Amino acid sequence: MGAAGSYLLIFRETSLASYDALSPDERRQAMGRWNGWCDELAAEGRFLGGHPLEPAGRIVSAARRGQAARHARPIDGPFAEAKELIGGYFLLSAASLDEATAIAERCPFLQYGMTVEVRPVTGACHLARSLGWETMREPASA
């Protein structure tokens, strides 16, 4: 494995009903495959962390009052009418986006309608990078 980077795997549940159609034994077998995949990634030193997420949550955005003032405004969400629900995430170590994608393609829940978004983790957001920064903090003067 070359120089490793960090990648976020975002698990999107697109068809929760597909799990309901499984018998209890089939559900246990599916969980066994999931946990085996997770254990394999951990043994390889690739699994850096991750958790399932509850369906309920809040979305925070700025609401404008007049032209200048901005106020954070939480709203309940995600919403039931959404086509997919983020069910959880992994932080993964991989040598490249291609390698992280190949790992995501082994996700045992793809067969149940889950999709996996693979995103490189970076040290700086778009705004910081536009300033020439490599992290979220201004570089110290030399």
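Scope of this entry: the structure provided in the associated data block. (Residues numbered from 1 in each chain as written. Predicted model: local features only at pLDDT ≥ 70, side-chain atom pairs only at ≥ 80, totals over all residues. Heavy atoms only, no water.)

Some points on the pairing of strand β1 (residues 5–13)
By the bridge criterion, nine bridges tie β1 to strand β5 (residues 85–94) in an arrangement that is antiparallel. Bridge pairing links Glu 13 to Leu 85 in β5. Sheet topology places β1 next to strand β6 (residues 115–120); six bridges connect them, and they run antiparallel. Across the sheet, residue Leu 8 finds its bridge partner in β6, namely Arg 119. (Pairing = 2+ DSSP bridges. Helix = DSSP H or I, 4+ residues; strand = E, 2+ residues; numbered from the N terminus.)

A closer look at the nonpolar core
Formed by 21 residues in total, the largest nonpolar core has its most connected members in Leu 9, Phe 11, Trp 34, Trp 37, Phe 90 and Phe 109. Elements represented by at least two residues in this core include exactly β1, α2 (24–43), β5 and α3 (97–104). With five residues, α2 is the largest single contributor of residues to this core. Look past the residues within four positions of Phe 11 in its chain and what remains in contact with it is Trp 34, Trp 37, Leu 85, Ile 86, Gly 87, Gly 88, Tyr 89, Phe 90, Cys 107, Met 114, Thr 115 and Val 116. (Core = buried A, V, L, I, M, F, W, Y, C linked by side-chain atoms within 4.5 Å. Buried < 20%, exposed > 50% of the residue type's maximum accessible area, 1.4 Å probe, protein only. Contact = heavy atoms within 4.5 Å.)

Comments concerning the pattern of salt bridges
Tallied over the full model, the rule gives five salt bridges. A salt bridge links Arg 106 to Glu 40; its shortest N-O distance comes to 2.8 Å. Of the two residues, Arg 106 sits in the loop between α3 and β6 while Glu 40 sits in helix α2, which places them 66 residues apart along the sequence. On the basis of relative accessibility, which here comes to 37%, the residue Arg 106 falls in the partly exposed class. Glu 40 gets classed as partly exposed once you look at its relative accessible area, which sits at 37%. Its salt-bridge partner being Arg 119, residue Glu 117 comes within 2.9 Å of it at the nearest N-O pair. The class for Glu 117 is partly exposed, based on a relative accessible area of 23%. Through salt bridges with shared partners, a single ionic network connects Arg 12, Glu 117 and Arg 119. (Salt bridge = Lys/Arg side-chain N within 4 Å of Asp/Glu carboxyl O.)

Considerations on the side chain of Glu 13
Inspection of the secondary structure puts Glu 13 in strand β1. Buried charged residue Glu 13 carries no salt bridge. Nearest counter-charge: Arg 12, at 11 Å. Among the polar contacts made by the side chain of Glu 13, one reaches the side chain of Tyr 19 at a distance of 2.8 Å. (Lys, Arg positive; Asp, Glu negative; His and termini not counted. Polar contact = N/O pair within 3.5 Å; in protein donor to acceptor, adjacent residues only side chain to side chain.)

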